[in-house]
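Structural description and commentary
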Amino acid sequence: MVGPLRVTGPFLDVLEVFYQAFLTSDQLHGWAIVKATKRSGPTVYGVLDRLEEMGWIVGRWEQQHPEPGKPRRRLYSLTPQGETASRELLRDRRPDALRATRDRLMPGWQPKPRQAGAT
Amino acid sequence: VITGILLSILTSLAAAEITAINPWCAKKLVRWSARRRYADNQARAKIRAEELEAFIDARPGNLLKLMTAAAFAAAAVAGMTRKRARRPTRVHSGRRVRRLGAQVAGLASIVGGLGFIASGGASLANGTTAIAQLTMAGSDGLFLIAVGMVAIGKCETLATLIAQLSCASWSIGGYFTWHSHLWAPVLLVYAVACAVLFLFGAMGDSGARKQDRTQAKGADSTSAT
């Protein structure tokens, strides 16, 4: 069951990483998210649970680990709904980080003006 | 010197063995954590168990793998505790006390039974007892073990009572027989523990009976209205 949106520091950290991955068309596995956010495994997986329940991310198993003999990993990426929602949330809560990410990954990008009445 | 060398070899072998089984333990632990954390969602538990295994595998170093698995286990236990705290308590505390009393008494009875058999065997080996006495010790031991198993498995009041009383009686008897022996104080502590267990069980019984009466009264008033 999806509860009310509870925005915490780890939640925003994970979203930021997902948004970066979205801009570079990457898919992330748990260990990569932990390394990027520098948060503990249980914290990150707690956030992943919530994001999955909200339908913001979707997971799929990789065919095979790049290194032979290793267990396959689960890869996550933002859904279209998650992409919109995370962009909105990051724009409100972490505008500097969002701008820095865009400048780095999409130089020359200009934000669209917000529509009247948009939240 | 030879003992020292042997000890150091054995210690290093044991350390190497423990280090080698760390990843295996970590994987088991992390699978258990996933099952506990997602107990209400079996599909997700299965996915997470496999996923966390891969996560642990990516962690460098055997000790770090185990520590990460321990962190996941701690988070799972914390989650379970939170869930349990939110859930309304259905079992009356008296019944829980009684069940706990039965389980502890049963365990004590099994330990006592094994002790009986072991002491009989040791006495025979020392040549201080006859086969007939060993048979008696063995049958007494087996009886205690059987009673203990019934007390644990079924929480039977009678089995629990027998377990408590027999443990208390043989430990008190043992204390007076071997009062000068090194392990006589252990028997005394055991006898006191049995007495405490007896009180513990009685307390639980009275709590459970009170709950039964309250429930019966509630049922009566509901049917009357």
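This write-up is about the structure you can find in this document. Predicted, not measured: the structure shown is a model, and the values here were computed from it.

**Observations regarding helix α4 (residues 80-93) of chain A**
All names here are of chain A. In a regular helix each residue adds 1.5 Å, so 14 residues correspond to 20 Å; α4 covers 20 Å between its end C-alpha atoms and thus fits that length. Looking only at α4, the buried set comprises G82, E83, S86, L89 and L90. Down the axis of α4, the smallest arc covering the buried residues is 140°, so these residues share one side. Looking at the packing, one finds that the buried side of α4 touches α1 (9-23), β3 (74-78) and α5 (95-105).

**Describing the interface of chain A and chain B**
Many structure descriptions define interface size as the accessible area lost when the parts assemble. With 18 residues of chain A at the interface, the matching set in chain B holds 18 residues. Summing both partners gives a buried area of about 1,600 Å² for chain A against chain B, and 58% of it is carried by carbon and sulfur. Sorting the residues of chain A by area buried against chain B places W31(A), P42(A) and Y45(A) first, and these three jointly supply 41% of that buried surface. Where chain A meets chain B, there are eight salt bridges. Here K70(A) ties to D57(B) by a salt bridge, and the two come within 3.3 Å at their closest N and O atoms. Inspection of the region where chain A meets chain B yields ten residue pairs in polar contact (both at pLDDT 80 or more). Among the secondary structure elements, those contributing two or more residues to the side of chain A that touches chain B are α2 (30-37), α3 (41-54) and β3 of chain A. Considering each element in turn, the side of chain A that touches chain B owes the most residues, eight residues, to α3(A).

**Quick word on the sheet that holds strand β1 (residues 28-29) of chain A**
All names here are of chain A. Ordered in space as β1-β3-β2, the three strands form an open sheet in which the pairing is antiparallel. Because the sheet does not close on itself, it has two edges, and the strands there are β1 and β2 (57-61). Examined bridge by bridge, β2 and β3 share five bridges and lie antiparallel to one another. Bridging across to β3, G59 finds its partner in Y76.

Rules used throughout
- Residues numbered from 1 in each chain as written.
- Chains lettered and ligands numbered in written order.
- Predicted model: local features only at pLDDT ≥ 70, side-chain atom pairs only at ≥ 80, totals over all residues.
- Heavy atoms only, no water.
- Helix = DSSP H or I, 4+ residues; strand = E, 2+ residues; numbered from the N terminus.
- Expected span 1.5 Å × (residues − 1).
- Buried < 20%, exposed > 50% of the residue type's maximum accessible area, 1.4 Å probe, protein only.
- Arc of directions from axis to C-beta.
- Contact = heavy atoms within 4.5 Å.
- Buried area = accessible area lost by both parts, 1.4 Å probe.
- Salt bridge = Lys/Arg side-chain N within 4 Å of Asp/Glu carboxyl O.
- Polar contact = N/O pair within 3.5 Å; in protein donor to acceptor, adjacent residues only side chain to side chain.
- Pairing = 2+ DSSP bridges.

Note that all results are geometric; they support no functional claim without further evidence.
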